[in-house]
There are 2 protein chains.
Amino acid sequence: MSAAAPAPRPARATIADVAKAAGVSKATVSRFLNHRERLLSPDIAARVEAAVTQLAYTPSPMAQALSHGRSRLIGLIVADITNPYSVAVLRGAEKACQDAGYLVMLFNLGNDIDREREAINALAGYQVDGFILNTLGRGAGLIDADALHGKPAVLVDRRHAGMHTDFVSLDNAAAMKAACGHLVDGGYRELLYITEPLKGVSSRRERTAAFGDCVAAHEPRVAGEVYESTGDDGDGLDAALRALHKRAKRGRRAAVLAGNAVVTLRVAAAMARLGLRFGEDIGFVGFDDPEWAPLIGPGLSAIAQPTEAIGRTAATCLLERLQGLEGPARQLLLPGELVVRGSSGGG
Amino acid sequence: MSAAAPAPRPARATIADVAKAAGVSKATVSRFLNHRERLLSPDIAARVEAAVTQLAYTPSPMAQALSHGRSRLIGLIVADITNPYSVAVLRGAEKACQDAGYLVMLFNLGNDIDREREAINALAGYQVDGFILNTLGRGAGLIDADALHGKPAVLVDRRHAGMHTDFVSLDNAAAMKAACGHLVDGGYRELLYITEPLKGVSSRRERTAAFGDCVAAHEPRVAGEVYESTGDDGDGLDAALRALHKRAKRGRRAAVLAGNAVVTLRVAAAMARLGLRFGEDIGFVGFDDPEWAPLIGPGLSAIAQPTEAIGRTAATCLLERLQGLEGPARQLLLPGELVVRGSSGGG
DNA sequence: TTGTATGCGTTATCAC
DNA sequence: GTGATAACGCATACAA
């Protein structure tokens, strides 16, 4: 039933078809489309317009890109599409781009940081007008300002050393301060911050530094510690939590802070393994507010990031640059929201 | 510090540059690149090769697309990028495409089913070589076989009426049978299947039908019911669960089956509201195996879909068609895996 | 105001 | 074997 393909598919109408149908030149059609504000002859315009709708003509973005240099394409590179944060950002950015008539080309590094440059080049090949980067900015394929082929870029969540481009992210310092303050106010005195290995990732370092500042501001009343957790080191994490719990039993209320959604899940799993109860045995506040936060135990307190707004803002930022906005690199820090649930309540 | 832009960016090398550098014609360079197997002159080949690496020449995919008609682009349209299922599929597909030298252009419908045709056209404008569709196949912008501009497509998870293209999905019937069988074996006699509104979505209908078949196969020992849950009707869901629980208290063990991840979350939230405990008060098995399944209550039993494999398979399918594979539309049904946890255990 | 001619970077069809 | 040359679909100087 694969059909004998008798219908000689009438191939998309080109500008030449429209020109012929309207009895004008290709240039006229092109002008009608691009510079309709000025240079118009009433009757000709009408003829062209008719032909355009008649033939359902749509310009070929590829030809336009080749000729005019603009593709109306935005390249979006994410370190790891598995990360819900990246997906949420993607979602916000994609919507903003679509609304502005741009399409998003996605390149997922799959956590292979050495492919960053490869990604840039692949995307640049398609003449993307700009980049949105949610990557590490490290590794062999490290990109510098001019690996970007002169195209504008905006960094999301993670800064790259030596790249002076617009930057959009959560206000990490403020968010961490809110979380710590909440715990201290709630009577917690032993704080453990668990993060993925810093590895020079700016957002992880900023949060860790902010944690240190918060603890320092309350010393010596409050004690704080940082633990770097990798995915394959469950034992280490368990030990850290057990040690924390031990201190809690000595009378000082203890709480753990998770540095992002991945760690939040990891900690939740570890506490389940250890039989520790949120809020009762140990307080718990996580970064990112996963959909399951309300369902687990007494509910998980968390710092919700405005992920979609971050994506939208990043896209908007980039689009403004594409429209010619000049000036120094901007930093847009969006506020997080502390959602209090049972895991950090009285206990 | 925006730089005085003194560096006259050396613009990407073109095939003409390579030709000049090697002292040959553009045609020769093009042949060297595309048809290297035959028609080669040893010395010339060497000169071209040198020039290519020297200038770090990379062909422009856009120009290639314009000229040769192929873009090495795959258009991926998803109904809703918020759905973790879609993301997982995306991930698998994107990886397979990248490995084959293709890039993925993503278009997210944001659940606006009327934009399906718009999406197709936008992507077709960029000369994508083929489509991967994870959409409803319904609504105003309904696409028929030849809205695809003659390009091959593969459907994922949801069939479209009247489209005879390759189709990749979970083996819904087998998965449902496994889940039901597991519950019946476990002594559950009152089964409630909760699904999102069928609305003609093929996967939902297939699962619902399979549920009906399973119940029928065990009648009259087992009784089954179906409830369609919308996002804004928490009360109805609560009532359905309460009714089920009432039957359970009359001595017949009852269990709920959730039709997908969204419903699974909805049901979990409802049971928390109602104070019902998985496994004890009511058995619970969900479709899709969310990351939090092990953490909630005694652990949530679930049918894990091989989402990444589904995405990979879809991409492979499409790439095969692009390589000229003929023949009737294929159906690839991948097996799910029942992961048993506490929620469907003894009670 | 409108038409003509040229270029964007490739591939393919011809001659040579 | 290799080199001109004409497309591909569009935008834009330039000429009219």
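It should be noted that the structure appears before, not after, this text.
Everything numeric in this text was worked out from a predicted model, so none of it was measured. (Residues numbered from 1 in each chain as written. Chains lettered and ligands numbered in written order. Predicted model: local features only at pLDDT ≥ 70, side-chain atom pairs only at ≥ 80, totals over all residues. Heavy atoms only, no water.)

Caption draft 1: Quick peek at the packing of helix α1 (residues 15–22) of chain B against helix α2 (residues 26–34) of chain B. All names here are of chain B. Direction vectors running N to C along α1 and α2 enclose 105 degrees, while the axes themselves pass 8 Å from each other. Taken as axis vectors, α1 and α2 run roughly perpendicular relative to one another. Only Lys26, Val29 and Ser30 of α2 make contact with α1, whose side of the interface consists of Ile15, Ala16, Val18 and Ala19. When grouped by side-chain class, the residues that make up the contact of α1 with α2 number five nonpolar, one polar and one charged. (Axes fitted to C-alpha atoms, helices over the stretch in contact; angles between N-to-C directions. Helix = DSSP H or I, 4+ residues; strand = E, 2+ residues; numbered from the N terminus. Parallel < 35°, antiparallel > 145°, perpendicular 65-115°, else oblique. Contact = heavy atoms within 4.5 Å. Nonpolar A, V, L, I, M, F, W, Y, C, P; charged D, E, K, R; others polar.)

Caption draft 2: Structural context of the protein's contact with DNA strand D. Taken together, the neighbourhood of DNA strand D is formed by 25 residues, with Ile15, Tyr57 and Ser67 of chain A together with Thr28 and Ser41 of chain B sitting nearest. A distance of 3.1 Å is found between a phosphate oxygen of DNA strand D and a side-chain nitrogen or oxygen belonging to His68 of chain A. A distance of 3.4 Å separates a base oxygen of DNA strand D from a polar backbone atom of Ser67 of chain B. Counting residues per element, the ones that place at least two in the surface near DNA strand D are α2 (26–34) and α4 (61–68) of chain A together with α2 and α4 (61–68) of chain B. Broken down by element, the residue count for the surface near DNA strand D peaks at five residues, all from α2 of chain A. Among the residues making up the surface near DNA strand D, the classes are represented as nine nonpolar, 13 polar and three charged. (Near = heavy atom within 4 Å. Polar contact = N/O pair within 3.5 Å; in protein donor to acceptor, adjacent residues only side chain to side chain.)

Caption draft 3: Broad picture of the protein's contact with DNA strand C. Surveying the vicinity of DNA strand C reveals 25 residues, the closest of which are Thr28 and Ser41 of chain A together with Ile15, Tyr57 and Ser67 of chain B. Near the protein, meaning within 4 Å, the atoms of DNA strand C are sugar or phosphate in a fraction of 65%, with bases accounting for the rest. In this structure, Arg31 of chain A approaches DNA strand C through a side-chain N or O atom, which is 2.9 Å from a base nitrogen. Taking Thr58 of chain B, its main chain carries an N or O atom lying 3.5 Å from a phosphate oxygen of DNA strand C. Sorting the residues of the surface near DNA strand C by element identifies α2 and α4 of chain A together with α2 and α4 of chain B as the ones contributing at least two each. Taken together, the residues of the surface near DNA strand C sort by class into 10 nonpolar, 13 polar and two charged.

Caption draft 4: Representation of the packing of aromatic side chains within the structure. Within the structure shown, the criterion is met by four aromatic pairs over all chains. Of note, Arg72 of chain A hangs over the ring of Tyr102 of chain A, and the distance from its end group to the ring centre comes to 4.7 Å. (Phe/Tyr/Trp six-rings, centres within 6.5 Å; stacked < 30°, edge-to-face > 60°. Lys NZ or Arg CZ within 6 Å of the ring centre and 35° of its normal.)

Caption draft 5: Spotlight on the relation of the copies chain B and chain A. Once chain B is rotated about the relating axis by 180 degrees and shifted along it by 0.0 Å, it coincides with chain A to within an RMSD of 0.1 Å. What the superposition gives is, in effect, a two-fold axis relating one chain to the other. Closest to the rotation axis within chain B is the C-alpha of Met105 of chain B, separated from it by 2.4 Å. (Least-squares fit on C-alpha atoms with pLDDT ≥ 70 in both.)

Caption draft 6: A look at the environment of Cys317 of chain B. Residues and elements named next belong to chain B. Here Cys317 lies in helix α11 (residues 307–322). Judged by relative accessible area, which is 3%, Cys317 ranks as buried. For the pair Cys317 and Ala272, spaced 45 residues apart in the sequence, the C-alpha separation amounts to 42 Å. (Buried < 20%, exposed > 50% of the residue type's maximum accessible area, 1.4 Å probe, protein only.)

Caption draft 7: Inspection of unusual backbone geometry at higher detail. Residues and elements named next belong to chain A. The linkage connecting Glu219 with the following residue, Pro220, adopts the cis geometry, with an omega of 0 degrees. In this structure, Pro220 sits in the loop between α8 (202–218) and β7 (223–228). Unlike most non-glycine residues, Asp157 shows phi in positive territory, near 70 degrees. Relative to the helices and strands, Asp157 is located in the loop between β4 (153–156) and β5 (166–170).

Note that all results are geometric; they support no functional claim without further evidence.
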